[in-house]
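Summary of the model geometry
Chain by chain, the residues run as shown.
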Amino acid sequence: MARPSRTLITGATILSMDGTVGDLTKGDILVEDDRIIAIAPVLQADDAERVDAHGRIAVPGFVNAHMHTWQTGLRSLAADWTLLEYFRWVHAGLATRFRPEDIGIATLVGALGQIDAGTTTLVDWCHNNPTPEHTDAAVEALAQSGIRAAFFHGSPKPDPKPGEPHFSEVPHPRAEIERLRRGMFSGEDGLMTLGLAILGPHYSTLEVARADFRLAREFGLVASMHQGGGAAKTPGGWETLLDEGLVGPGINVVHGNDLSDALFSALVDQGASFSVTPENEMTQGHGFPVTGRLLKRGVAPSLGVDLESVLAGDMMGVARIALGMQRVLDNTDSRRDTGAIPPTSTVRVRQALEWITIEGARMLGQEGRIGSLAPGKQADITLIDARTLHLQPVHDPVATVVMQAGRGDVEAVMIAGRFRKKNGKLLAAALDDTLACLARSGARIVDELGLKRTAA
């Protein structure tokens, strides 16, 4: 039997996000194989590889709870598009030009970019997979990147050809879920887990929504769906699904800005989770993020990037935007109601850090494995170098991470006990060749649709 691999991270400021471990001003983390086995102010492990982390802040690896990673090759292209333009040019246009190899290279680079920015778990909401080959290309790319991935299998949304049904009338493909369950997603303990990216009642008929909810429940999978953006396909659909007992834990609503207060409360009461993508929701026209509506009901959001075709993929930035947006809403409400801003901030920076760590894990039902640093949990660790000019002095390490740090401050990223970034360098082979391949893919797709590119 091979000896276990052991790594001792020493001298870090530790933000564990775990109620028992707490925060350590200076502490050590001992990792054996893929798990954390000890956290303490000082640990001894003579047989372990030592990593000096003095001056660094150790946090749980970030969880990006919602991203369409297949759009990495379209970075910045949709920056000026509203949601309606996005539907027209992306789903009905650009998406139809993707070959399996385009999905693969975009997903690989997108996942590597997430690791580079400190994300260890990526929820890849893949809804441009018209063939099994497209799906397999995405899955293989996630595996190649080394990220921990929840692959949410979706379905494309092109305009129908003559004689074809509209996508809203097509149930989620059971055969594909069965195939994936027989393959890489046959277990629940690896780096890769499976979920469903379904249409939901906003984008499908009631019959399809009902079938998809039941499919997810049958296979024990998270069922995630967009909510909002134009008129609902099935008015009253949520109410019917609630009445039929199909809404509960494992149902994940992305956005949800347009839900009535009564329906919002009903979904929360039944245990549905919400994933907020604050910057994109404000940019494309979804509306104000629902962060505060969740907090008022005693629950918290998970956060996601959503679209790198529109904006940057840095989860610290996402947390900062979500926090700032909710504070301005609360401050505005207070001025309206009392004539003054609140006497203290209504949302704390630690809450924002929870949204991109333990709350993301909770949405996936994996809070027992990831999302915090504690003995027995997976060794998903991000080290922030806080010695830099723009982060010194560090008075509050939580605020430093949420309010001041960025992807350039991520010095090291460990996923399941293995460094994927170290000493500020992403540990990925042939990265220049990979980026060149992505550029060729993106250029071909854009040119085929006749869209103008402003750079060669």
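Scope of this entry: the structure provided in the associated data block. (Residues numbered from 1 in each chain as written. Predicted model: local features only at pLDDT ≥ 70, side-chain atom pairs only at ≥ 80, totals over all residues. Heavy atoms only, no water.)

Now for the overall build of the protein chain. For the protein chain, the helix and strand inventory stands at 15 helices and 17 strands. Relative to its length of 456 residues, the protein chain is compact, with a C-alpha radius of gyration of 22 Å against a globular reference of 23 Å. Here the C-alpha coordinates of the protein chain stretch approximately 70 × 60 × 45 Å along the principal axes. Across the 456 residues of the protein chain, 57% fall into the buried class. (Helix = DSSP H or I, 4+ residues; strand = E, 2+ residues; numbered from the N terminus. Rg over C-alpha atoms; globule rule 2.2 N^0.38 Å. Buried < 20%, exposed > 50% of the residue type's maximum accessible area, 1.4 Å probe, protein only.)

This brings us to the sheet that holds strand E9 (residues 192–198). Two orientations exist for strands paired in a sheet by backbone hydrogen bonds: parallel and antiparallel. Ordered by their spatial adjacency, eight strands build an open sheet running E6-E7-E8-E9-E10-E11-E12-E13, and the pairing between neighbours is parallel. Two strands bound the open sheet, and with one partner strand each, they are strand E6 (62–67) and strand E13 (302–303). The pairing of E6 with strand E7 (residues 119–126) spans four bridges and is parallel. The residue of E7 that forms the bridge with Phe62 is Thr119. Set on the sheet, helix H4 (residues 174–182) makes contact with strand E8 (148–153) and E9; between it and E9 the angle comes to about 170 degrees. Most of the contacts of helix H6 (residues 206–219) go to E9, to which it runs at about 165 degrees, and overall it touches E9, strand E10 (223–227) and strand E11 (251–255). (Pairing = 2+ DSSP bridges. Contact = heavy atoms within 4.5 Å. Axes fitted to C-alpha atoms, helices over the stretch in contact; angles between N-to-C directions.)

So, on to the packing of aromatic side chains. Centre-to-centre distance and the angle between the planes together describe a pair of aromatic rings. Across all of its chains, the model carries seven aromatic pairs by this definition. Ring geometry for Phe213 against Trp238: centres 5.9 Å apart, planes inclined by 75 degrees, an arrangement best described as edge-to-face. Of this pair, Phe213 sits in helix H6 while Trp238 sits in helix H7 (residues 237–243), and the two are 25 residues apart along the sequence. What links up through ring pairs into an aromatic cluster is the set Tyr86, Phe87 and Tyr203. Here the guanidinium or amino end of Arg293 rests over the ring plane of Phe264, the centre of that ring lying 4.3 Å away. (Phe/Tyr/Trp six-rings, centres within 6.5 Å; stacked < 30°, edge-to-face > 60°. Lys NZ or Arg CZ within 6 Å of the ring centre and 35° of its normal.)

So, on to helix H8 (residues 261–269). Of all the positions in H8, only Leu263, Phe264, Leu267 and Val268 are classed as buried. The buried residues of H8 all sit within an arc of 135 degrees when viewed along its axis, so they share a single face. Of the residues in H8, the exposed ones pointing more than 90 degrees away from the buried face are Ala262 and Asp269. In this fold, the buried residues of H8 make contact with H7, E11, strand E12 (273–276) and helix H10 (291–296). Phi turns positive, to about 95 degrees, at Gly271, one or two residues after H8. (Arc of directions from axis to C-beta.)

Another point: the pattern of salt bridges. Pairs can form between side chains of opposite charge once their charged atoms are near each other. Counted by the stated rule, this structure contains 26 salt bridges. Salt-bridge contacts for Arg75 lead to Glu308; the nearest nitrogen and oxygen are separated by 3.2 Å. Taken as a pair, Arg75 in the loop between E6 and helix H1 (83–91) and Glu308 in the loop between E13 and helix H11 (315–338) lie far apart in primary sequence, 233 residues in all. Judged by its relative accessible area of 7%, Glu308 falls in the buried class. Each of the salt bridges in this network shares a partner with another, and the network as a whole consists of Arg97, Arg99, Asp102, Arg444 and Glu448. (Salt bridge = Lys/Arg side-chain N within 4 Å of Asp/Glu carboxyl O.)

As a further point, take the nonpolar core. Membership of the largest hydrophobic core comes to 99 residues, with the highest contact counts inside it found for Phe213, Trp238, Leu267, Phe274, Leu303, Leu353 and Val401. For this core, the leading source of residues is helix H2 (residues 100–116), giving eight residues. With residues near it in sequence (within four places) discarded, Phe213 still touches Ile198, Pro201, Met225, Trp238, Leu241, Leu246, Val247 and Ile251. Of all hydrophobic cores here, the second largest spans 18 residues; its members include Ile39, Ala58, Ile381 and Phe419. (Core = buried A, V, L, I, M, F, W, Y, C linked by side-chain atoms within 4.5 Å.)

Taken across its five residues, E11 has five buried, putting it largely inside the fold. For E10 and E11, the ladder comprises five bridges, and the chain directions are parallel. Residue pairing in the sheet places Met225 in a bridge with Val253 of E11. For the handedness criterion, the β-α-β arrangement of E10, H7 and E11 is classed as right-handed. Where E11 meets E12, three bridges bridge the pair, whose relative direction is parallel. Bridging across to E12, Val253 finds its partner in Phe274. Following the backbone out of E11, through H8 and into the adjacent parallel E12, one traces a crossover that is right-handed. (Right-handed = clockwise from strand over helix to strand, strands pointing away.)

Once that is clear, we can look at the packing of H2 against helix H3 (residues 132–145). At a closest axis distance of 8 Å, the pairing of H2 and H3 adopts a crossing angle of 30 degrees. By the angle between their directions, the pair H2 and H3 is classed as roughly parallel. In this structure, the crossing between H2 and H3 has a hand that is right-handed. Counted together, Pro100, Ile103, Gly104, Thr107, Leu108, Ala111, Leu112 and Ile115 of H2 and Glu133, His134, Ala137, Ala138, Ala141, Leu142, Gln144 and Ser145 of H3 form the full contact between these two elements. (Parallel < 35°, antiparallel > 145°, perpendicular 65-115°, else oblique. Left-handed = near helix turned anticlockwise from the far one by under 90°.)

Helix H14 (residues 397–404) packs onto H11 with a crossing angle of 95 degrees between their chain directions and a minimal axis gap of 7 Å. Here H11 lies roughly perpendicular to H14, going by the angle between them. In this structure, H11 contributes Met316, Arg320, Leu323 and Arg327 to the contact, and H14 contributes Val401, Val402, Met403 and Gln404. Class assignment for the residues of the contact of H11 with H14 results in five nonpolar, one polar and two charged. (Nonpolar A, V, L, I, M, F, W, Y, C, P; charged D, E, K, R; others polar.)

Here the focus is the side chain of Arg56. Turning to its location among the elements, Arg56 is positioned in strand E5 (residues 56–60). When its relative accessible area of 11% is taken as the criterion, Arg56 is described as buried. Reaching out from Arg56, the side chain makes a polar contact with the backbone oxygen of His54 at a distance of 2.6 Å. (Polar contact = N/O pair within 3.5 Å; in protein donor to acceptor, adjacent residues only side chain to side chain.)

Here we take up the side chain of His134. Residue placement: His134 occurs in helix H3. Classification of His134 as buried rests on a relative accessible area of 6%. Discounting residues that sit within four places of it in the chain, His134 has contacts with Phe98, Arg99, Pro100, Ile103, Asn128 and Asn129.

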